Amino acid sequence: MASAGGSPVREAPLVIPPQEVHHATVIFIHGLGQRGDSWIPILQGVIDRLPGVKWVLPQAPEVPVTYNGGQCRPSWFDIANLPPCNCYDEAGITASVAAIEEIITSELRGGLDSNKIIMAGFSQGGALSLMTSLTTLHELGGVASLSGWIPQQSRQAMLQLEPDLPVFWAHGKADTEIPISYGEDSISFLRDSLNIPANKIVFRTYEGLEHTVNNEELEDFAAWLSHVLA
């Protein structure tokens, strides 16, 4: 759906308020073709373990997706192939990064320190989380990628900023949509090109896991969040 001016309509993010005093925020970004609210039952166990954390789940606009033959689906940027090729929707990525930066700014205006804001996402949402957190001027508390990747064309801006923040990377070894090789290449980039210290990077892989998440991964994600937000 587009507005009268042609720009995609963006819904307000879904917000899950903290159950105790608010001390941190996780911005969790869904994947291609998904709804943010579909992640609530999946993440519920993680949410329950972190009662002082506010969760913000933004929703991608419905836009034509080349990979789906031009059909409109919730998407943060256009994708032509899976596994992702070198195609790069600069306009779509720029708009989506700006939308996530608005959420970050809103949290900061609410009085939260930037190091208490965590970016996280699945698949395309993982890629957007990484592109945002590794190029923002705010010193965030960390970024988590579940089955994500770092697009090659986005990496030059990251090299110029030299980000240094905790990273959690989880990837299924049987993933054919975003293969484990994409995760391994991204981890090498974080370590060898961005020089993020090895002790700030957690890289977890899961035998037999395809392009989805499982309970072990969610347990690892929750444990990492508890550690970086302690």
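This is a predicted model, so every value here is computed, not measured.

1. A word on the sheet that holds strand β7 (residues 142-146)
Here's step 1: Across the sheet, 7 strands lie side by side as β1-β3-β2-β6-β7-β8-β9; this open sheet has mixed pairing. The strands lining the two open edges of the sheet, one partner per strand, are β1 (14-16) and β9 (201-206). Taking each pair of neighbouring strands and ignoring which way they run, the sheet shows an average axis angle of 15°.
Here's step 2: Contacts between helix α3 (residues 124-133) and the sheet are confined to β2 (24-29), β6 (117-122), β7 and β8 (167-172), with β6 contributing the most and set at about 150° to the helix.

2. Focus on helix α2 (residues 90-109)
Here's step 1: In this model α2 runs 28 Å from its N-terminal to its C-terminal C-alpha over 20 residues, within 8% of the 28 Å that 1.5 Å per residue would give.
Here's step 2: When α2 is considered as a whole, its buried residues turn out to be Gly92, Ile93, Ser96, Val97, Ala99, Ile100, Glu101, Ile103, Ile104 and Glu107.
Here's step 3: Summarising the contacts, the buried residues of α2 are in contact with β2, β3 (53-57), β6 and α3.
Here's step 4: Within two residues after α2, glycine 111 carries a phi angle of roughly 100°, on the positive side.

3. Some remarks on the confidence of the model for the protein chain
Here's step 1: Residues at a pLDDT of 70 or more form 97% of the protein chain, whose mean pLDDT is 95.
Here's step 2: Below a pLDDT of 50 lies the segment residues 1-5, which in the model reaches 7 contacts outside its immediate sequence neighbourhood of four places, other chains included.

4. Some remarks on the nonpolar core
Here's step 1: Of all hydrophobic cores here, the largest spans 37 residues; its most connected members are Ile27, Phe77, Met119, Leu134, Ile150 and Leu190.
Here's step 2: If sequence neighbours within four positions are ignored, leucine 190 has contacts with Leu134, Ile150, Val167, Trp169, Asn195, Ile196 and Ile201.

5. Quick word on the environment of tryptophan 76
Here's step 1: Of note, tryptophan 76 is situated in the loop between β5 (71-74) and α2.
Here's step 2: When near neighbours in sequence (up to four residues on either side) are disregarded, tryptophan 76 contacts Arg10, Ile29, His30, Pro58, Gln59, Ala60, Gly92, Ile93, Ser96, Gln124, Gly125 and Leu128.
Here's step 3: Within the structure, tryptophan 76 has its side chain in polar contact with the backbone oxygen of histidine 30 (distance 3.0 Å).

6. Section: the pattern of salt bridges
A side chain with one charge may pair with a side chain of the opposite charge, provided their charged atoms come close.
Here's step 1: According to the stated counting rule, one finds 6 salt bridges in the structure shown.
Here's step 2: Among the ionic pairs, arginine 35 bridges to glutamate 11, the shortest N-O distance being 2.9 Å. In this pair, arginine 35 sits in the loop between β2 and α1 (40-49) while glutamate 11 sits in the segment before β1, placing the two residues 24 residues apart along the sequence.
Here's step 3: Notably, a salt bridge pairs lysine 200 with aspartate 164, separated by 3.1 Å at the nearest N-O pair. Taken together, the positions of lysine 200 in the loop between α5 (180-193) and β9 and aspartate 164 in the loop between α4 (155-161) and β8 put the pair 36 residues apart, joining distant regions of the chain.

7. Some words on the packing of α2 against α3
Here's step 1: Direction vectors running N to C along α2 and α3 enclose 70°, while the axes themselves pass 10 Å from each other. Relative to α3, α2 is oriented roughly perpendicular. In contact with Ile93, Ser96, Val97, Ile100, Glu101 and Ile104 of α2, α3 contributes Leu128, Met131 and Thr132.
Here's step 2: A class-by-class count of the residues in the contact of α2 with α3 yields 6 nonpolar, 2 polar and 1 charged.

8. Concerning the pairing of β8
Here's step 1: Counted residue by residue, β8 has 6 buried out of 6 residues, so it is predominantly covered.
Here's step 2: The side-chain alternation of β8 yields two buried faces, one formed by Val167, Trp169 and His171 and the other by Phe168, Ala170 and Gly172.
Here's step 3: A crossover connection joins β7 to the parallel β8 through α4; in handedness this β-α-β unit is right-handed.
Here's step 4: Of the strand pairs in this sheet, β8 and β9 are connected by 6 bridges, and their pairing is parallel. In the strand pairing of β9, valine 167 is matched with isoleucine 201.
Here's step 5: For the segment spanning β8, α5 and β9, crossover handedness is right-handed.

Conventions used here
Residues numbered from 1 in each chain as written. Predicted model: local features only at pLDDT ≥ 70, side-chain atom pairs only at ≥ 80, totals over all residues. Heavy atoms only, no water. Pairing = 2+ DSSP bridges. Helix = DSSP H or I, 4+ residues; strand = E, 2+ residues; numbered from the N terminus. Axes fitted to C-alpha atoms, helices over the stretch in contact; angles between N-to-C directions. Contact = heavy atoms within 4.5 Å. Expected span 1.5 Å × (residues − 1). Buried < 20%, exposed > 50% of the residue type's maximum accessible area, 1.4 Å probe, protein only. pLDDT = per-residue confidence, 0-100. Core = buried A, V, L, I, M, F, W, Y, C linked by side-chain atoms within 4.5 Å. Polar contact = N/O pair within 3.5 Å; in protein donor to acceptor, adjacent residues only side chain to side chain. Salt bridge = Lys/Arg side-chain N within 4 Å of Asp/Glu carboxyl O. Parallel < 35°, antiparallel > 145°, perpendicular 65-115°, else oblique. Nonpolar A, V, L, I, M, F, W, Y, C, P; charged D, E, K, R; others polar. Right-handed = clockwise from strand over helix to strand, strands pointing away.

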